[in-house]
Structures are given as C-alpha cells and as structure tokens.
Amino acid sequence: MKKALITGITGQDGSYLAELLLSKGYEVHGLVRRSSSFNTGRIDHILLDPHDPEAKIFLHYGDLSDSEQLSSIMYNIRPNEIYHLGAQSHVRVSFDTPEYTGTVTGLGTTRILEAARRSKNPVKFYQASSSELYGSSCPPQNEETNFQPRSPYACAKLYAYWMTKNYRDGYQMCASNGILFNHESPRRGETFVTRKITRSIARILAKKDKYLYLGNLEAKRDWGFAPEYVECMWLMMQQEVSDDYVVGTGEAHSVKDFVDAAFEYAGLDVGTYVKIDPKYFRPTEVDVLIADARKAHSKLGWKPAIRFQDLVKIMVDSDVRALGLEPPGEGDEILAKKFPGKWWKKD
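Residues numbered from 1 in each chain as written. Predicted model: local features only at pLDDT ≥ 70, side-chain atom pairs only at ≥ 80, totals over all residues. Heavy atoms only, no water.

Q: Could you give an account of helix H8 (residues 255–266), with specific residues and numbers?
A: When the terminal C-alpha atoms of H8 are compared, their 17 Å separation across 12 residues agrees well with the 16 Å that a helix rising 1.5 Å per residue should span. Glycine 267 sits one or two positions beyond H8 and adopts a positive phi of about 75°. (Helix = DSSP H or I, 4+ residues; strand = E, 2+ residues; numbered from the N terminus. Expected span 1.5 Å × (residues − 1).)

In structure tokens form, the structure reads like this:
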C-alpha cells in the first residue's frame with residue numbers, strides 16, 4: 001500500500017486530494033497545525049478513529065515553520081509521495097503579512113524538501129506552485145513564460161518553485177512543480193473572491209445580507225474545478241521522470257464576468273446588490289492569467305471537463321443549498337452528467 005503525506009490537508013485541494021488517494025487505496029497522512037479550534041470541516045466525513053482497523057487516514061500535528069517537527073514526521077511516516085499544498089495562500093492577505101507569508105509559503109517548502117532529503121527515503125515530491133508567479137507576463141502563460149511576481153505571496157511561491165527545481169537537479173529528487181491556475185469549488189475558502197460571491201448570493205436570497213462588497217472587477221483569471229486539478233497532481237506523481245506542468249482551462253474571465261453569471265443564474269440584479277469597496281484592492285494587481293496547458297494535455301493526458309459557466313452554477317447551487325434554500329439545480333445536473341461515479345463524497 002502506498003503512503004502519501006499531504007500538507008494543507010484541511011484546505012480545499014488537500015481535502016479533495018485525500019479523497020482521491022483513499023479511492024486509489026493509499027494510506028493518507030496529513031499535516032495539521034495545532035490550534036485552539038478544530039479546522040477539519042472539509043475532511044470530517046472521511047476521518048475515522050485512528051485506532052479503527054479500517055482507518056486509512058491519519059493526522060499529525062506539525063508546522064511548516066518547525067524543521068524538527070517535519071523531520072520527525074517524515075522519519076516516522078516514510079511516505080512514498082509528498083503533496084506539499086500547505087501555505088499562507090491568500091494573495092491580498094500576503095500584503096498585510098509579507099514576512100509570515102515568506103516564512104511559511106517560501107521557507108516552509110525548503111524545510112519539507114530538506115526533511116525529505118535527510119530521511120534517505122525514496123519519495124516523490126509535489127510542489128503546489130501558482131499562476132501568480134507569472135504576474136504581469138503577457139498571456140497565455142506556459143512552462144517557458146518568464147515569471148514576474150506581483151505580490152509577497154507570488155514572491156514566496158517563486159522561491160518555493162526554484163527550491164523544488166534545485167532539489168530535483170542537485171539531489172536527483174523526484175520533485176515536480178504543478179503551476180496551477182485558479183481552481184474553485186464549494187470547498188473554496190469564504191474569503192476567496194469566487195466563494196465570496198456565491199456565498200453572498202445565498203445570503204442575499206436568505207435575507208441575511210443586503211449587499212456584496214468587492215474590489216477590482218476587471219482582473220481576468222483562468223478558473224477551473226478543483227477536483228479535476230488534484231487529479232492532475234496525482235498524474236504528475238505517477239510519471240517516471242519528474243517535471244513542471246501548467247494546469248488550467250485556457251480560458252480567461254473577469255471577476256465581473258463571474259459576478260454577472262452568478263447573479264443571473266440566481267435571478268438577482270447585480271446593480272442592486274453589488275458595491276465596490278477600495279479596501280479590497282491590492283497594492284499591485286495581476287491583470288490577466290490564461291493557462292497554456294498543452295504540455296499537461298500531451299504528457300499527462302489531462303484535460304478539464306468543467307468550464308466557466310458550469311463552475312459558477314455548481315458553486316451557486318452548493319451555497320444556496322447550504323442555507324436551506326432550493327437551488328436552481330443546473331450545477332447538480334452538470335456534476336451528475338460529467339462525473340457519474342465521482343470519487344469525492346461531499347458537495
């Protein structure tokens with residue numbers, strides 16, 4: 001039985017990845033930070049008592065700022081695959097906490113790479129890189145496009161990207177960078193713009209909120225569906241030769257496009273409910289990100305099934321239902337048609 005270690009297992013991608021790996025027969029280990037409150041809501045439905053003989057998922061307290069902890073966990077688990085998803089991952093927040101973002105998102109990657117190297121255990125390593133690396137580079141962006149980061153988060157991710165390549169070249173470690181463009185789902189954090197939009201729609205319909213406050217509506221992003229993107233992560237780890245891959249849909253839509261599509265689908269008037277608040281603008285903005293994912297298509301055989309309009313409907317349906325209301329239901333139909341035997345259990 002293969003063993004996998006996932007940092008960031010309680011996040012959107014980590015929770016979907018844990019379910020995918022369990023469906024493939026893995027023993028899954030996750031790194032979680034000790035805090036005064038539990039943050040396992042996205043994976044509670046797959047957690048069993050660790051003493052249960054049927055249990056195949058185990059959580060370990062650890063922190064990406066603590067090298068000794070990481071080394072101990074690596075030695076005790078001895079995983080076959082490491083999926084490094086943990087980070088301070090909010091771009092806007094990184095402007096407020098640049099040093100913390102660098103310590104966790106940047107240096108945290110070095111700490112876990114070094115722990116893996118010192119363990120002397122043959123292991124494959126996946127680094128969750130980001131389309132934010134490209135910043136102001138002209139779209140579409142592929143593996144050969146120059147990086148021009150425009151936020152502390154992107155700078156930290158760029159450091160992590162290059163450290164992954166250096167460990168691959170310097171120590172012959174099987175280490176790959178997945179340069180994932182924006183990917184969303186009903187499990188997306190509530191402060192990220194797509195989920196903020198769909199959750200606010202549900203709250204407006206439920207008479208809990210009057211308005212939705214947003215920042216820059218003109219930024220364009222390549223938005224895909226998170227469960228499909230974690231499948232691509234797994235495919236990278238199954239290759240004999242490690243490499244770096246851009247992952248995305250090849251289509252760009254503005255934040256305004258997302259707002260318009262979501263409100264129209266929910267039967268609400270944008271002009272009545274959406275207001276602009278300057279506090280949500282970034283000091284430096286990334287205007288357009290569009291993935292050129294031909295390498296992933298040809299070498300991994302990966303192509304996305306969910307497109308922009310599908311994604312909007314899936315997320316609106318989920319948030320409306322979560323507040324006890326009846327959603328339009330087209331998103332449910334899309335999932336049933338395109339993923340009739342889906343491996344994830346929630347949503």
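Q: So what about the pairing of strand E6 (residues 174–180)? Which residues, and what values?
A: Counting buried positions along E6 gives six out of seven residues, so the element sits mostly inside the fold. Here strand E5 (residues 124–130) pairs with E6 via seven bridges, running parallel. By the bridge assignment, serine 130 is partnered in E6 with leucine 180. Inspection of the sheet shows E6 paired to strand E11 (residues 244–247) by four bridges, in the parallel sense. Following the sheet pairing, glycine 178 is matched in E11 by tyrosine 245. (Buried < 20%, exposed > 50% of the residue type's maximum accessible area, 1.4 Å probe, protein only. Pairing = 2+ DSSP bridges.)

Q: Lay out the nonpolar core in plain terms, naming residues and giving numbers.
A: Core analysis: the largest hydrophobic core is formed by 65 residues, its most contacted members being Ile6, Leu17, Leu21, Tyr83, Tyr126, Ile197 and Phe263. Apart from residues no more than four positions distant in its own chain, leucine 21 is found in contact with Ala4, Ile6, Tyr26, Val28, Tyr83 and Trp234. With 19 residues, the next largest nonpolar core counts Ile73, Met74, Tyr167 and Met173 among its residues. (Core = buried A, V, L, I, M, F, W, Y, C linked by side-chain atoms within 4.5 Å. Contact = heavy atoms within 4.5 Å.)

Q: I'd love a proper account of unusual backbone geometry, names of residues and values included.
A: The amide bond that connects proline 139 to the next residue, proline 140, takes the cis arrangement and shows omega of -5°. Here proline 140 lies in the loop between E5 and helix H5 (152–171). Within the chain, arginine 78 stands out as a residue other than glycine whose phi angle is a positive 55°. Here arginine 78 lies in the loop between helix H2 (67–77) and strand E4 (81–84). Located in the positive-phi region is lysine 207, a residue other than glycine, with phi close to 65°.

Q: Describe helix H1 (residues 12–23), with residues and values.
A: Over its 12 residues, H1 runs 17 Å from end to end, which matches the ideal 16 Å to within 8%, given 1.5 Å per residue. Inspection of H1 places Gln12, Asp13, Gly14, Ser15, Tyr16, Leu17, Ala18, Glu19, Leu20 and Leu21 among the buried residues, and these make up the whole buried set.

Q: Requested: an account of the sheet that holds strand E2 (residues 27–32), with residues and values cited.
A: Pairing is parallel across the open sheet formed by seven strands, whose spatial order is E3-E2-E1-E4-E5-E6-E11. Either end of the sheet is taken by a strand with one partner, and the two such strands are strand E3 (57–61) and E11. Along the sheet, successive strands turn relative to each other by an average axial angle of 20°, direction set aside. Sheet topology note: the strand E1 (residues 3–7)/E2 ladder contains five bridges and is parallel. Within E2, the residue paired with isoleucine 6 across the bridge is glycine 30. Docked against the sheet, helix H7 (residues 226–237) engages E4, E5, E6 and E11, running at close to 140° with respect to E4. (Axes fitted to C-alpha atoms, helices over the stretch in contact; angles between N-to-C directions.)

Q: Can you break down the environment of aspartate 287 residue by residue, with the values?
A: Here aspartate 287 shows up in the loop between strand E13 (274–276) and helix H10 (294–300). Taking relative accessible area as the criterion, aspartate 287 reaches 53% and is therefore assigned exposed. Separated by 151 residues in sequence, aspartate 287 and serine 136 place their C-alpha atoms 7.0 Å apart. Not counting the four nearest positions on each side in its chain, aspartate 287 is found in contact with Glu218, Ala219, Lys220 and Arg221.

Q: Requested: an account of the pairing of E2, with residues and values cited.
A: Counting buried residues in E2 gives six out of six residues, a clear majority hidden from the surface. Going residue by residue along E2, you find Glu27, His29 and Leu31 tucked away on one face and Val28, Gly30 and Val32 tucked away on the opposite face as well. Regarding the hand of the β-α-β motif, the stretch spanning E1, H1 and E2 is right-handed. Bridge count for E2 against E3 is five bridges, and the pairing is parallel. Among the inter-strand pairings, histidine 29 is bridged to a residue of E3, identified as phenylalanine 58. (Right-handed = clockwise from strand over helix to strand, strands pointing away.)

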